Amino acid sequence: NFTWKPWIRKGEVPEGSSVNWILGISRDSVLISNIECNKDGKYGITLSFNDDVVVIGSPNSDPGAITDSGKAYFYCSSSSGWTEYNVTASDKAASDNFGSSVSIAKASSLSTRFAVGAPNADISSFTGSGKVYIYDVDLSFNITQDGTYLSASDKASGDKFGASIAIKSDATRIFVGAPSASYLSYTKPGKVYIFDSGSSTGWVRQTISGLSYLKAN
């Protein structure tokens, strides 16, 4: 039977502490909690798991004192407990909200892949157009960023590309939502973009019926 109990990485949390933690059960009856995250970081607002690894978003964290730039935490489970790693955007900026969406899948027997959305990130003059970052994790839990970032080919300010993400089970395809993207004369009906992993060309944006995205009819 599973029982709920807190798992604290660094000492005990004093009674009445304002630190917030997210609760998640594991086969070891262990809960994951976040002590380093600022209390308004929204740690746990999104998460994704595969086997004994889990990635958790904290989009309002302030790494490097950059307000709301965001952070994502990666945990692996073993017989000795959970080990934590974390990533931030290589080009982080205030209010990017990196970690607003996350998705993870096993790329092979040797690696795991996860994606992190930063829907409020700017690209050049396109404010809040959004980005998605992809990371590969090897068996030694070395985390490597795959390319720079994904973005929409028809990006516009306020699209929020990366507000939602889903990775195919073999980690070769990524779906990315841009819920505030416009289409023709329709304001903010939303779009979904599909990217496939190429062997030598990196991530390739797919075309559907002549369009670079899915949309509702």
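Everything discussed here concerns the structure shown above.
K.L.:
Please provide a residue-by-residue account of the layout of surface pockets, values included.
P.N.:
In this structure, the second largest pocket occupies an estimated 200 Å³ of space. Forming the walls of the second largest pocket are 15 residues, and the residues nearest its centre are Val53, Lys106, Thr112, Leu139 and Phe141. With 3 residues, strand β3 (residues 71-78) is the largest single contributor of residues to the lining of the second largest pocket. Here the residues of the lining of the second largest pocket sort into 7 nonpolar, 4 polar and 4 charged.

K.L.:
Which residues make up the sheet that holds strand β1 (residues 47-50), and what values go with them?
P.N.:
The 4 strands are arranged β1-β2-β3-β4 in an open sheet whose pairing can be described as antiparallel. Lying at the two open borders of the sheet, with one neighbouring strand each, are β1 and β4 (81-87). Recorded for the sheet is a direction-independent mean angle of 20 degrees between the axes of neighbouring strands. Here 7 bridges tie β3 to β4, and the two strands are oriented antiparallel to one another. Across the sheet, phenylalanine 74 pairs through a bridge with tyrosine 85, a residue of β4.

K.L.:
Give a detailed account of the environment of valine 176, specifying residues and quantitative values.
P.N.:
Looking at the element boundaries, valine 176 is found in strand β10 (residues 173-178). Note on valine 176: relative accessible area 0%, which makes it buried. Counting along the chain gives 15 residues from valine 176 to phenylalanine 161, while the straight-line C-alpha distance between them is 6.8 Å. Ignoring any residue separated from it by four or fewer positions in sequence, one finds valine 176 in contact with Val132, Phe161, Gly162, Ser164, Lys191, Val192, Tyr193 and Phe195.

K.L.:
Please set out unusual backbone geometry residue by residue, giving values where relevant.
P.N.:
The phi dihedral of aspartate 51 falls on the positive side, at around 55 degrees, and the residue is not glycine. Tracing the backbone through its elements, the reader meets aspartate 51 in the loop between β1 and β2 (53-58). Of the residues examined, aspartate 51 reaches a relative accessible area of 60% and is grouped as exposed. In this model, alanine 171 sits at a positive phi of 65 degrees, which is unusual for a non-glycine residue. Locating alanine 171 in the fold gives a position in the loop between β9 (164-167) and β10.

K.L.:
Just give me the short version of the sheet that holds strand β5 (residues 101-108), but keep the residues and values in it.
P.N.:
Pairing within the open sheet is antiparallel, and its 4 strands lie in the order β5-β6-β7-β8. The two strands at the open ends of the sheet, each matched to only one other strand, are β5 and β8 (143-145). In this sheet, adjacent strand axes meet at a mean angle of 25 degrees when their direction is disregarded. Sheet topology note: the β5/strand β6 (residues 111-118) ladder contains 7 bridges and is antiparallel. Residue pairing for β6: serine 103 is matched across the bridge by alanine 115.

Each value, and the rule that gives it
Residues numbered from 1 in each chain as written. Predicted model: local features only at pLDDT ≥ 70, side-chain atom pairs only at ≥ 80, totals over all residues. Heavy atoms only, no water. 1 Å grid on protein atoms, 1.4 Å probe; cavity = no way out; pocket = protein on both sides within 12 Å on 5 of 7 lines; lining within 4 Å. Points joined across faces, edges and corners; volume = space filled by probe spheres on them. Helix = DSSP H or I, 4+ residues; strand = E, 2+ residues; numbered from the N terminus. Nonpolar A, V, L, I, M, F, W, Y, C, P; charged D, E, K, R; others polar. Pairing = 2+ DSSP bridges. Axes fitted to C-alpha atoms, helices over the stretch in contact; angles between N-to-C directions. Buried < 20%, exposed > 50% of the residue type's maximum accessible area, 1.4 Å probe, protein only. Contact = heavy atoms within 4.5 Å.

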